Amino acid sequence: DPPVPQPPAHLAVLDVDGLLVLGACLLAAAVFSAAETSLFALVDARVHEIIDEAQRAKRRLRSMLRIWLEKPDHVLTAIVLGKHLAHVGFAVTVFVGVDALANDLLKKPLWATVSSLGIVATIVIVELIARALAKQKAQATAPVVFPFVLAVYVATWPLVLLFTRLSRLVSRLS
């Protein structure tokens, strides 16, 4: 049997799993950017109206929005943590995927620079689109994205508490 032709090494940067991880990280970054924008676009008075209007079926939404009203600094910290975890996941996946090309990239600084700029541009474009949509449709976006924020809030509670307290300390010192 003749050998099966293989794609050039520079085309086999990421396998399907790697591409799925990249997609998930980009989606997570978009969700957290949308959460940040939509929650800040909702004024407190409107959040109170939504809570009052929410029926029993929307009890979960009411409780999530109450957390936003009662502990906005904690929620913001959870959003920032979630967004940065998504960015780190994206970057790590890309760099693991291009590990095979590391020697070539080091020999070609222009290619390394273009690749890095492409990564940043992708993240920025995804976040800008998410923010624009969330700003226009804040009332519809907030209930959709807030469960993800709540999941990070619960999963990273010690970090949320630590970073929130550090933020308050720095704020008092300045």
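Quick caveat: nothing in here was measured; it's all calculated off a predicted structure.

Time to look at the pattern of salt bridges. Counted according to the given criterion, the structure contains 3 salt bridges. Residue Glu36 is joined to Lys83 by a salt bridge in which the shortest nitrogen-to-oxygen separation is 2.8 Å. Of this pair, Glu36 sits in helix 1 (residues 16–41) while Lys83 sits in helix 4 (residues 72–97), and the two are 47 residues apart along the sequence. For the pair Glu36 and Lys83, a shared accessibility class is recorded, and that class is buried. The residue Arg168 makes a salt bridge to Asp73 at a minimum N-O spacing of 2.2 Å. Of the two residues, Arg168 sits in helix 8 (residues 157–173) while Asp73 sits in helix 4, which places them 95 residues apart along the sequence. Several salt bridges converge on common partners, so that one network encompasses Glu36, Lys83 and Arg131.

What follows is about the confidence of the model for the protein. Low pLDDT marks regions whose predicted coordinates should not be analysed in detail. Scored by pLDDT, the protein has a mean of 79; 78% of the residues are at 70 or more. No element of the protein has a lower mean pLDDT than helix 5 (residues 102–107), at 58, and none a higher one than helix 8, at 93.

Below, the discussion takes up the packing of aromatic side chains. Across all of its chains, the model carries 2 aromatic pairs by this definition. Relative to Trp157, the ring of Tyr153 has its centre 5.5 Å away and its plane inclined at 75°; by these criteria the two rings are edge-to-face. On the accessibility criterion, Tyr153 (10% relative accessible area) is buried. What makes Trp157 partly exposed here is its relative accessible area of 33%.

Three or four residues apart is the spacing at which side chains of an α-helix point the same way, because the helix has 3.6 residues per turn. With 18 residues, helix 7 (residues 138–155) should cover 26 Å at 1.5 Å per step; its first-to-last C-alpha distance of 25 Å lies within 8% of that length. Maximal helix bending in helix 7 amounts to about 35°, located at Val145; proline Pro147 follows within four positions. Those residues of helix 7 lying buried are Ala138, Thr141, Ala142, Val145, Phe146, Val149, Val152 and Tyr153.

In this section: the nonpolar core. With 28 residues, the main nonpolar core has Leu39, Leu65, Val75, Ile79, Phe146 and Val149 as its most contacted residues. When contributions to this core are tallied by element, the ones reaching two or more residues are helix 1, helix 2 (44–53), helix 3 (59–70), helix 4, helix 6 (109–136) and helix 7. Looking at this core, the element that brings in the most residues is helix 7, giving 7 residues. In this structure Val149 touches Phe32, Ala35, Val75, Ala78 and Ile79, once residues within four positions along its chain are discounted. Counting residues in each nonpolar core, the second largest holds 7 residues, with Leu22, Leu26, Val94 and Ile119 among its members.

This part takes up the packing of helix 1 against helix 7. Two elements in contact, helix 1 and helix 7, have axes whose closest approach is 8 Å; the angle formed by their N-to-C orientations is 125°. By the angle between their axes, helix 1 is oblique relative to helix 7. With respect to the hand of their crossing, helix 1 and helix 7 are arranged in left-handed fashion. Contacts between helix 1 and helix 7 involve Val31, Phe32, Ala34, Ala35, Ser38, Leu39 and Ala41 from the former and Ala138, Thr141, Ala142, Val145, Phe146, Phe148, Val149 and Val152 from the latter. Looking at the contact of helix 1 with helix 7, its residues break down into 13 nonpolar, 2 polar and no charged.

With that settled, consider empty space enclosed by the protein. All told, the structure shown has 1 cavity of 30 Å³ or more when counted by the stated rule. Considered as a void within the structure, the largest cavity measures approximately 30 Å³ in volume. For the largest cavity, the full set of lining residues is Leu42, Ile50, Leu61, Leu65, Gln139, Ala142 and Pro143. Top contributing element to the lining of the largest cavity by residue count: helix 7, with 3 residues. Classifying every residue of the lining of the largest cavity gives 6 nonpolar, 1 polar and no charged.

Thresholds applied
Residues numbered from 1 in each chain as written. Predicted model: local features only at pLDDT ≥ 70, side-chain atom pairs only at ≥ 80, totals over all residues. Heavy atoms only, no water. Salt bridge = Lys/Arg side-chain N within 4 Å of Asp/Glu carboxyl O. Helix = DSSP H or I, 4+ residues; strand = E, 2+ residues; numbered from the N terminus. Buried < 20%, exposed > 50% of the residue type's maximum accessible area, 1.4 Å probe, protein only. pLDDT = per-residue confidence, 0-100. Phe/Tyr/Trp six-rings, centres within 6.5 Å; stacked < 30°, edge-to-face > 60°. Expected span 1.5 Å × (residues − 1). Bend = angle between axes of the 7 residues up to and from the residue. Core = buried A, V, L, I, M, F, W, Y, C linked by side-chain atoms within 4.5 Å. Contact = heavy atoms within 4.5 Å. Axes fitted to C-alpha atoms, helices over the stretch in contact; angles between N-to-C directions. Parallel < 35°, antiparallel > 145°, perpendicular 65-115°, else oblique. Left-handed = near helix turned anticlockwise from the far one by under 90°. Nonpolar A, V, L, I, M, F, W, Y, C, P; charged D, E, K, R; others polar. 1 Å grid on protein atoms, 1.4 Å probe; cavity = no way out; pocket = protein on both sides within 12 Å on 5 of 7 lines; lining within 4 Å. Points joined across faces, edges and corners; volume = space filled by probe spheres on them.

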